Amino acid sequence: MHAEISLEQLSLREVAAACAESQRSSTNQSRLVAQEAPNACLELFRRAIKERDQAAWDIIYEQYRRIVFSWVSRNPVFYSTGESAEYFAQDAFMRMWRHLTPEKFDRLNDLRSLMAYLKMCVNSTLIDFMRRQDQPTEELQETTPHAEEPSAVEQLDRAQLWQLVSGQVQNDKEWLVVRGLFVWGYKPNELSTKYDSVFRDVKEVYTIRENVMNRLRRNRAIREYFGTND
Amino acid sequence: MNEPIKSTDSADGSAFQPEAFVNRAAAWLFRYDCPDSLELGEYYLGLVAEPRRVWIKDHIGACPLCASDFAGLKSFMAQTDANEQPMARPGILDKIQWLIAELLQPPQTGLAFAVRGSDEAVRALRAYSAGDYEITLDVSVDSAHPDHRQVTGLILGALDTPITIGLAFPGEVEALSTVSLDDAGNFILTDVASGTYDLLIRSVDNSPSIRIPDLVIPL
């Protein structure tokens, strides 16, 4: 008679072997391990995430790196990045390691959901790469404040800065122009095209932008921060 | 190109630089209140609690960039055989004659600065596409035969009929030796000497199936 053996009692090596076996035809594993094989992979993740077992995580990486690599190559964003698939695959694993807390693990509850989380991390790393590519950059030499001491505006966080800017907006069209140009990164012609039911043409977008700029320049804090005194 | 906005004098005589302001504001405020991609993904998976979950839902409805990101995420997550082992598609390989696999991605080494000839530098991942199938190959050192290599692989999209995999000299139809594909689509070829081979993937009735040409096994 075989004694009851729980997965938690098995060594990491045994659990890893059972996980690998669960993905193949059963061969020469013990009957009890084979019976538990479908849960063995989940046990690997449990040890890695809830016990922060780095060795278990390393096994997960080796076990699943090929399928993660395949996911990267199947993401439509990947081929426009110019980066290697391995770069994104490694980052996806890193994201899961860092962000899948024990509490979240308990909510996911099964291997299928854990694999979905890992796949989501693949998408996340690719999307973040593209967001960084899309991020507008400022011409620092044109915007260096003249004041030696940091002004109050320079100390604002971005949400507060938005409050300051959007506070100068007087209607929905102005809000859309300011939001579209500053927060969404559209060019005036892109904004005009995307919201062609709102704006007559791109000239209207420019006109609205200039009206808002004229109002903003009268705001002392904004003028002090973004203007130059040359 | 943006139409330049005229610079205007402010009350203290300094010049307000509208274009500079636009540049800085755009750099500062770009997607300032958008949830990061990981949170968007956790929202998709149902891991975000109230009231943040409601806020994200409303934000996706209002922000065209997040709406686009979320649509892309849903589409990607819905791709088949992504979260599971490869699903069987009965009889597909029986209908294929020689299907030449296309290299999707050149060999990617595990470490960018690995010393040439080191174990790390030998290791390389490659992805191929052949019809409805994708094949991922991993070339690494064979620990049992340090002067030789092993090729481990994963085939997605097949598996109903038993499949054998082997390496053949370029252009040959008979493999030097073969291994079987397991139920999960994995295989491993061990003790492979350096050289150039064709990888042959066949169903058990030996009708030619997929050929991956010019697979280089490094020294």
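Residues numbered from 1 in each chain as written. Chains lettered and ligands numbered in written order. Predicted model: local features only at pLDDT ≥ 70, side-chain atom pairs only at ≥ 80, totals over all residues. Heavy atoms only, no water.

K.L.:
Tell me about the overall build of chain A, residues and numbers included.
P.N.:
In terms of helices and strands, chain A carries twelve helices and zero strands. Each helix and strand of chain A, ordered N terminal to C terminal, gives the series α-α-α-α-α-α-α-α-α-α-α-α. Residue burial in chain A is summarised as follows: out of 230 residues, 50% are buried. Within chain A, contacts between residues separated by at least 24 positions form 60% of all contacts whose residues are at least 6 apart in sequence. Carbon and sulfur atoms make up 46% of the accessible area of chain A, which totals about 11900 Å². (Helix = DSSP H or I, 4+ residues; strand = E, 2+ residues; numbered from the N terminus. Buried < 20%, exposed > 50% of the residue type's maximum accessible area, 1.4 Å probe, protein only. Contact = heavy atoms within 4.5 Å. Areas by Shrake-Rupley, 256 points an atom, 1.4 Å probe, with all protein chains shown as cover.)

K.L.:
Before we move on, could you go through the overall build of chain B and cite the residues and values that matter?
P.N.:
Secondary structure summary: chain B contains five helices and twelve strands in total. The buried share of chain B, reckoned over its 219 residues, is 49%. Considering only intrachain contacts with a sequence separation of at least 6, the fraction spanning at least 24 residues in chain B is 54%. Approximately 10300 Å² of chain B is accessible, and the part contributed by carbon and sulfur atoms is 53%.

K.L.:
Break down the confidence of the model for chain B for me, citing the residues and quoting the values.
P.N.:
All names here are of chain B. The pLDDT averaged across chain B works out to 74; a share of 68% of its residues lies at or above 70. This model gives residues 82–96 a pLDDT under 50, and the stretch forms 48 contacts once residues within four places in sequence are excluded. A low-confidence stretch, residues 110–118 stays under pLDDT 50, and its non-local contacts, those more than four residues away or across chains, total nine contacts. Interface confidence for the predicted complex, expressed as ipTM, amounts to 0.81; the pTM equals 0.64. (pLDDT = per-residue confidence, 0-100.)

K.L.:
Tell me about the pairing of strand β8 (residues 163–168) of chain B, and please be specific about residues and values.
P.N.:
Residue and element names in this part refer to chain B. Counting buried positions along β8 yields five of six residues, so the element is predominantly enclosed. In terms of strand pairing, β8 meets strand β9 (residues 177–180) through four bridges, oriented antiparallel. In the sheet register, G166 faces β9, and the bridge partner there is T178. (Pairing = 2+ DSSP bridges.)

K.L.:
Please give an account of the side chain of N75 of chain A that cites residues and values.
P.N.:
Residues and elements named next belong to chain A. Along the chain, N75 falls in the loop between α3 (54–74) and α4 (85–99). Since its relative accessible area comes to 2%, N75 is described here as buried. A polar side-chain atom of N75 sits 3.1 Å from a polar atom in the side chain of N123. (Polar contact = N/O pair within 3.5 Å; in protein donor to acceptor, adjacent residues only side chain to side chain.)

K.L.:
Describe α4 of chain A, with residues and values.
P.N.:
Each α-helix winds once per 3.6 residues, and so residues spaced three or four apart point in a common direction. Over its 15 residues, α4 of chain A extends 21 Å from the first C-alpha to the last, a length consistent with the 21 Å expected when each residue adds 1.5 Å. Those residues of α4 of chain A that fall on the buried side of the exposure criterion are A85, E86, F88, A89, A92, F93, R95, M96 and W97 of chain A. (Expected span 1.5 Å × (residues − 1).)

K.L.:
So, the packing of α3 of chain A against α4 of chain A: which residues are in play, and what are the values?
P.N.:
Residues and elements named next belong to chain A. At their nearest, the axes of α3 and α4 sit 9 Å apart, and the two run at 135° to each other. Relative to α4, the element α3 lies oblique. In this structure, the crossing between α3 and α4 has a hand that is right-handed. Contacts between α3 and α4 involve Q54, W57, I60, Y61, Y64, R65, V68, F69 and V72 from the former and A85, E86, F88, A89, Q90, A92, F93, M96 and W97 from the latter. (Axes fitted to C-alpha atoms, helices over the stretch in contact; angles between N-to-C directions. Parallel < 35°, antiparallel > 145°, perpendicular 65-115°, else oblique. Left-handed = near helix turned anticlockwise from the far one by under 90°.)

K.L.:
Could you give me a rundown of the packing of aromatic side chains, with the residues and numbers involved?
P.N.:
Residues and elements named next belong to chain A. Taken as a whole and judged by the stated rule, the model has 13 aromatic pairs over all chains. Pairing W175 with W184 gives two aromatic rings, centres 6.4 Å apart and planes at 85°, and the pair type is edge-to-face. When the ring of W184 is compared with that of Y186, the centres are 6.3 Å apart and the planes differ by 75°; the resulting orientation is edge-to-face. Like W184, the residue Y186 is buried in the burial classification. Over the ring of W97 we find R52; its NZ or CZ atom is 4.0 Å from the centre of that ring. Over the aromatic face of W162 sits the side chain of R179, whose NZ or CZ is 5.2 Å from the ring centroid. (Phe/Tyr/Trp six-rings, centres within 6.5 Å; stacked < 30°, edge-to-face > 60°. Lys NZ or Arg CZ within 6 Å of the ring centre and 35° of its normal.)

K.L.:
Mind laying out the environment of K173 of chain A, listing which residues take part and the relevant values?
P.N.:
All names here are of chain A. Turning to its location among the elements, K173 is positioned in helix α9 (residues 172–183). Classification of K173 by relative accessible area gives partly exposed; the value is 29%. Taking the C-alpha atoms as reference points, K173 and I208, 35 residues apart in sequence, are found 7.8 Å from one another. The contacts of K173, once residues within four sequence positions are left out, are V198, F199, E204 and I208.

K.L.:
Tell me about the state of the cysteines, and name the residues and values.
P.N.:
Overall, the coordinates contain one disulfide over all chains when judged by the stated rule. Between the sulfur atoms of C19 of chain A and its disulfide partner C41 of chain A the distance amounts to 2.1 Å. As the torsion about the S-S bond is roughly 100°, the C19 of chain A-C41 of chain A disulfide counts as right-handed. Residue C19 of chain A is found in helix α1 (residues 12–22), and its partner C41 of chain A is found in helix α2 (residues 31–50); the two are separated by 22 residues along the sequence. Cysteine C63 of chain B shares no disulfide, and the gap to the nearest cysteine sulfur, in C34 of chain B, comes to 3.8 Å. (Disulfide = S-S within 2.5 Å.)

K.L.:
Which residues make up the nonpolar core, and what are the values?
P.N.:
Formed by 60 residues in total, the largest nonpolar core has its most connected members in F45, W57, Y64, V68, M96 and Y117 of chain A. Residue contributions to this core peak at eleven residues, all from helix α6 (residues 111–134) of chain A. Not counting residues up to four positions away in its chain, the partners in contact with Y117 of chain A are M96, H99, L100, K104 and L108 of chain A together with L38, E42, L45 and L47 of chain B. Listed in part, the 31 residues of the second largest apolar core include L191, F199 and M213 of chain A together with Y32 of chain B. (Core = buried A, V, L, I, M, F, W, Y, C linked by side-chain atoms within 4.5 Å.)

K.L.:
Please provide a residue-by-residue account of unusual backbone geometry, values included.
P.N.:
Residue and element names in this part refer to chain B. Of note, the amide linkage connecting E50 to P51 takes the cis form, showing an omega dihedral of -10°. Along the chain, P51 turns up in the loop between α2 (37–44) and α3 (52–62). Backbone geometry at D191 places phi at a positive 55°, although glycine is not the residue there. Note that D191 resides in strand β10 (residues 186–192). Judged by its relative accessible area of 36%, D191 falls in the partly exposed class.

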